[in-house]
Amino acid sequence: AEATESLEQRLRRARQEELNQVRVLLEYEIIRLAVIHRTQKNIRDMKQALDARMKAIDTKDYTASIDAEIVCHTILATASHNSVLADLYASFTHVLRNSFQQRDAGSVAQFRKTHALHERLLKAIADKKEDVAIACLDALLQNNLIRTK
């Protein structure tokens, strides 16, 4: 990587396998910190984002489904209350969008398949149950990473 290359430029030319590894690293730390530091406002914001995600899925609006998915995870990163981690995750969202588009071919089926896991993840974070939250994340990543191989 060149010294003048931005993180966004570097992410754009990364291999999918490398991106998946970084995503896993970020998401585990985000979940761990969100369980500890989340506020009631964070929980309300995540619930609202999940409701928007379900509405997009129900109307088969693929673009809105991706947008809602990214909003859910961005709010989760904010709930970690680590601004550097949240900023890193925000810089990663265009990569997520691209990977969803490559994975899904315009279908909301994968979003529908994982919605209950997202709801369980939110409940685990709200209940401050790190082990349950991590298990939900494991299942979500397993679903997503298998599909991208």
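Everything that follows concerns the structure shown earlier in this document.
Residues numbered from 1 in each chain as written. Predicted model: local features only at pLDDT ≥ 70, side-chain atom pairs only at ≥ 80, totals over all residues. Heavy atoms only, no water.

(A) Seen up close, the overall build of the chain. Helices and strands together make up the secondary structure of the chain, namely seven helices and zero strands. Against the globule reference of 15 Å for 149 residues, the chain gives a C-alpha radius of gyration of 15 Å, in line with a compact fold. Here the chain holds 149 residues, and 44% of them are scored as buried. Looking at the chain alone, contacts between residues at least 24 apart form 77% of all its contacts between residues at least 6 apart. Accessible surface, the chain: about 8000 Å² in total, of which carbon and sulfur atoms supply 54%. The chain carries 23 positive and 20 negative side-chain charges, and their two centres are separated by 4 Å. (Helix = DSSP H or I, 4+ residues; strand = E, 2+ residues; numbered from the N terminus. Rg over C-alpha atoms; globule rule 2.2 N^0.38 Å. Buried < 20%, exposed > 50% of the residue type's maximum accessible area, 1.4 Å probe, protein only. Contact = heavy atoms within 4.5 Å. Areas by Shrake-Rupley, 256 points an atom, 1.4 Å probe, with all protein chains shown as cover. Lys, Arg positive; Asp, Glu negative; His and termini not counted. Charge placed at Lys NZ, Arg CZ, Asp CG, Glu CD.)

(B) Representation of the pattern of salt bridges in the model. Within the structure shown, the criterion is met by nine salt bridges. Close ionic contact of Arg-32 with Glu-29 constitutes a salt bridge, the shortest N to O distance being 2.6 Å. Here Glu-29 and Arg-32 lie together in helix H2 (residues 16-37), a separation of three residues that amounts to about one turn. Residue class for Arg-32 comes out partly exposed when judged on its relative accessible area of 32%. (Salt bridge = Lys/Arg side-chain N within 4 Å of Asp/Glu carboxyl O.)

Limitation: the analysis is restricted to geometry and does not speak to function.
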